[in-house]
Amino acid sequence: MTSEQNDNEQMVELRGIRKSFGDLEVVKGIDLNIAKGEFFSLLGPSGCGKTTLLRMIAGLETPDDGTIVISQQSMNGVDANKRPTNMVFQSYAIFPHLNVGENVAYGLIKQRLPKAEIRQRVDAMLKMVDLDGYYNRPSYALSGGQRQRVALARALILEPKVLLLDEPLSALDKKLREQMQDELRRIQRTLGITFILVTHDQEEALIMSDRIAVMFDGNIAQLGTPKEIYDKPLSKRVASFIGVMNFLKGKCVGETKTDIKVEVATLGQVSFSRDLVPEGVSLDHLNIGFRPEMFTVLYDKKEKAENTFMSEVKNVDYYGDMTYYTLALPNSDMDITVSMRNTSGRYVYGLGEAIRVGWRSSSLLILN
Amino acid sequence: MKKPPLLLFSFVIIYLVFLYAPIMLLPIFAFNDSSIIAFPLSGFTVDWFVGLMGENTLHRALKNSLIIAITAAVISTCFGILTARAMARHNFLGKRPSFGLIMAPLFLPEIIIGVALLIVLIQLGISLNIWTVILGHILICTPFSVSILYSAFNNMDKSIEEASLDLGETRFGTFRRVIFPLVKPGVIASLLICFTISLDEFVIAFFLTGVEPTLPVYIWAQLRFPSKLPSIMALGFILLLLSLILLAIFEYYRRRSETLIGNQPS
């Protein structure tokens, strides 16, 4: 693939985007390409600049510096109402004086389309978001989930090249949120529109996205597929933001051409491939990360594992499908979290019980 | 239901009597068949109302008052919309001081405003007429309009306007299709309250009116003639009914404004 073809695949290109509010720089020079048809997430804690970035793509904020290109067209000086983007707002921003159908038809009425065509397209769109027959429903009579669907329909009916979603699911309860996650994904696949989702919910980003940009303090800390972000977080900060992560100290005690030998605090010495060590890491002060599921509780004394240690259960969080144990590290006052799937008949340890845990050297992560 | 304590109950009764009994005298004497305002009543008549029909000066005063009230209400409400919008949405240098200056007439004694305006107008060599009264009334009506409309503009979710822009509508189209419909009940409430204030206002009108009196100034002038008193009672009764109707409409729109704006999830 030549680079020119590659460029044509891009739907949104951000080049050196900066934005300050007063003295506070909230977006600090972001470069990012988002491909056509991609479900892309901007993930980060509140105040990391993700919403500001989304609003700049929509044209609701103007970057202090940098260029936004959408579908090969520079958006410099193009107002929000002229951009090929539409947005689902966090508060949904349903027009309270209009009913469901009028809300959805809002953008089409501006385009002065024939009434019959508008009605037909609105009905089709309502059907798509599962609000068939809601045309005349007043907007105040809608539940949170229904408002969300109206906001979605209102944006999608204009057939935008990019749909922007600002924390669209944060106001919904857990069940409804999960249902809407599936539905958004289904709609995105059906229409093939580029979706850019802003969220602080790492689980939501992992489930829904093709790619995720993790943002901290106005910068992109890591960009990758959900699996890359979860399995290979580049920094301690990304690792602790995405999922649960145990952090241990370590230091290199020996090297060969292909492997290094690391003393992991209180768990002992292990060897592993140099490939797992990111560049620029000080070998004397290693930050080592372990996901809770990388540990295995050994129920049977005869069960073997590459490395093992004995511990005591300090806390049990029982989730039904999973159990999270807080365990004391041997010869240390630090704790680690270990998770086990509760397969049928599997024993759940109680407080204070002795427990044997196994782990593999290759599952640990060296972090920046 | 629990019986209210005796003390509280009697307080309420005394309060209501004190507040409304004098007003109740208006219809009583307006229909009383005697030119002397005193009990006992002599009989029922509508003569005083019929008499009002023939008073040409009264008709002129009424016409002046209506012109002044409608003009002042419309202009004050336009100012109110612009001010409230600016206060609710924009930050600019001198925002607080200018807001204070706009609201100040609410707290200044009307007689001070009236005298001050009179001195300025005379110094400028402007002759007193209907327009000078309108000027004074705009000054005192605008603060009311601003305070009614400010809450309407301020409570409106900003993302509603952004959604309209995002859906392809222009700024003017957004005002026409979204902002104005949402603040419309507030605008109507403002028009009504400004109209009522201007119609009732006496002090400023008294100072700034030229040879063309407004209705309150006319009434005041008529009070010098005891024989006119029953007609004034009749006129007062008509004005009372009119005020009640306007107040009811105002309250209806004020509440509608609140429900409309209040419906958005925050």
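What is the right way to look at the layout of surface pockets in this model?
With a probe scaled to a water molecule rolled over the atoms, the places where space remains empty come into view. In this model, the largest pocket occupies a volume close to 690 Å³. As for the largest pocket, its lining consists of 30 residues, of which Gly59, Leu60 and Asp79 of chain A together with Leu165 and Arg171 of chain B are closest to the centre. For the lining of the largest pocket, the secondary-structure elements that each account for two or more residues are β4 (65–70) of chain A together with α3 (56–89), α7 (158–166) and α8 (171–200) of chain B. Here the lining of the largest pocket is composed, by residue class, of eleven nonpolar, nine polar and ten charged. What the second largest pocket holds in volume is close to 450 Å³. Taken together, 18 residues form the lining of the second largest pocket, with Gln202, Glu203, Leu206, Gly243 and Tyr324 of chain A sitting closest to its centre. Elements with a contribution of two residues or more to the lining of the second largest pocket: α6 (174–191), α7 (202–208), β17 (322–328) and β18 (335–341) of chain A. Taken together, the residues of the lining of the second largest pocket break down into seven nonpolar, four polar and seven charged. Of the domains in this structure, domain 1 (3–231) and domain 3 (292–360) of chain A are the two that each give at least three residues to the lining of the second largest pocket.

Help me understand the domain arrangement of chain A, please; the structure alone is not making it clear to me.
Its domain assignment divides chain A into domain 1 (3–231), domain 2 (244–289) and domain 3 (292–360). On a C-alpha basis, the centres of domain 1 of chain A and domain 2 of chain A stand 41 Å from each other.

Where do I start with the sheet that holds strand β10 (residues 219–224) of chain A in this structure?
In a beta sheet, neighbouring strands are held together by backbone hydrogen bonds and run either parallel or antiparallel to one another. All names here are of chain A. As summarised here, the arrangement of the six strands in space is β6-β7-β8-β3-β9-β10, forming an open sheet in which the pairing is mixed. What marks the edges here is a single partner per strand, and that holds for β6 (85–88) and β10. Averaged over all pairs of adjacent strands, the angle between their axes in this sheet comes to 20°, without regard to strand direction. Of the strand pairs in this sheet, strand β3 (residues 39–43) and strand β8 (residues 194–199) are connected by five bridges, and their pairing is parallel. Following the sheet pairing, phenylalanine 39 is matched in β8 by phenylalanine 195.

How should I be thinking about the interface of chain B and chain A in this particular structure?
Between chain B and chain A, the contact holds 22 residues from the first and 24 residues from the second. For the pair chain B and chain A, the two sides together bury roughly 2,100 Å², of which 59% comes from carbon and sulfur. For the chain B face of the interface with chain A, the top three residues by lost area are Asp166, Leu167 and Arg177 of chain B, together amounting to 36%. The salt bridge partner of glutamate 162 of chain B is arginine 55 of chain A, with a shortest N-O separation of 2.6 Å. At the boundary of chain B and chain A, one finds eleven residue pairs in polar contact (both at pLDDT 80 or more). Of all the secondary-structure elements, those providing two or more residues to the side of chain B that touches chain A are α7 and α8 of chain B.

I would appreciate a short explanation of the pattern of salt bridges in the present structure.
Opposite charge on two side chains lets them pair, provided their charged atoms get close. A full pass over the atoms with the stated rule returns 23 salt bridges over all chains. Note that aspartate 123 of chain A is salt-bridged to arginine 119 of chain A, the shortest N-O span being 3.2 Å. Of this pair, aspartate 123 of chain A and arginine 119 of chain A both sit in helix α4 (residues 115–128), four residues apart, which is roughly one turn of that helix. Overall, arginine 119 of chain A belongs to the partly exposed group, its relative accessible area being 37%. Among the salt bridges present, the one from arginine 85 of chain B reaches glutamate 161 of chain B, with a minimum N-O distance of 2.9 Å. One end of the pair, arginine 85 of chain B, is in helix α3; the other, glutamate 161 of chain B, is in helix α7, and 76 residues separate them in sequence. When salt bridges that share partners are traced, they join Arg55 and Glu61 of chain A together with Glu162 of chain B into one network.

For this particular structure, what's the right way to read the packing of helix α4 (residues 95–103) of chain B against helix α6 (residues 130–154) of chain B?
A pair of packed helices is captured by two measures, namely the crossing angle of their axes and the spacing between those axes. Residues and elements named next belong to chain B. For the pair α4 and α6, the least separation of the axes is 8 Å and the interaxial angle reads 125°. Considering their axes alone, α4 and α6 lie oblique with respect to each other. Where α4 abuts α6, its residues Phe99, Ile102 and Met103 lie against Thr142, Pro143, Val146 and Ser147. Class assignment for the residues of the contact of α4 with α6 results in five nonpolar, two polar and no charged.

What counts, and where the lines are drawn
- Residue numbers run consecutively from 1 along every chain, following the written order of its sequence.
- Written order decides the labels, with chains lettered from A and ligands numbered from 1.
- With the structure being a predicted model, the display of local features is reserved for residues of pLDDT at least 70 and the display and counting of side-chain atom pairs for 80 or more, all residues being used for whole-chain, interface and lining totals.
- By convention in this description, side-chain values take in all heavy atoms of the structure and omit both hydrogens and water.
- In this analysis the probe radius is 1.4 Å and the grid spacing 1 Å, with only protein atoms considered; a cavity is a set of points the probe fits into but cannot get out of, a pocket is an open set with protein on both sides within 12 Å along at least five of seven lines, and lining residues have an atom within 4 Å of a point.
- Grid points are joined across faces, edges and corners, and a volume is the space filled by probe spheres set on the points.
- Working definition: helices are DSSP H or I runs of at least four residues, strands are E runs of at least two. Numbering for both runs from the N terminus.
- Polar here means any residue other than Ala, Val, Leu, Ile, Met, Phe, Trp, Tyr, Cys and Pro, which are nonpolar, and Asp, Glu, Lys and Arg, which are charged; Gly is therefore polar.
- Delimitation of the domains relies on an automatic or database domain assignment.
- Two strands make a pair as long as DSSP finds a minimum of two bridges between them.
- Under this scheme, a helix contributes an axis fitted over its contacting stretch, all axes are lines through C-alpha atoms, and angles between N-to-C directions fall in the 0 to 180 degree range.
- Whether two residues touch is decided by their heavy atoms; if any such pair falls within 4.5 Å, the residues are in contact.
- By buried area we mean how much accessible surface two parts lose on assembly, using a 1.4 Å probe and totalling the loss over both.
- Think of a salt bridge as a Lys or Arg side-chain nitrogen and an Asp or Glu carboxyl oxygen that are within 4 Å of each other.
- Any pair of nitrogen or oxygen atoms within 3.5 Å is treated as a polar contact; in protein, a donor-acceptor pairing is required on top of that, and neighbouring residues in sequence qualify only through side-chain atoms on both sides.
- Accessibility here uses a 1.4 Å probe with only protein chains present; expressed as a share of the type maximum, an area under 20% marks a residue as buried, one over 50% as exposed, and anything in between as partly exposed.
- Angles are sorted into four bins: roughly parallel if under 35 degrees, roughly antiparallel if over 145, roughly perpendicular if 65 to 115, and oblique for all others.

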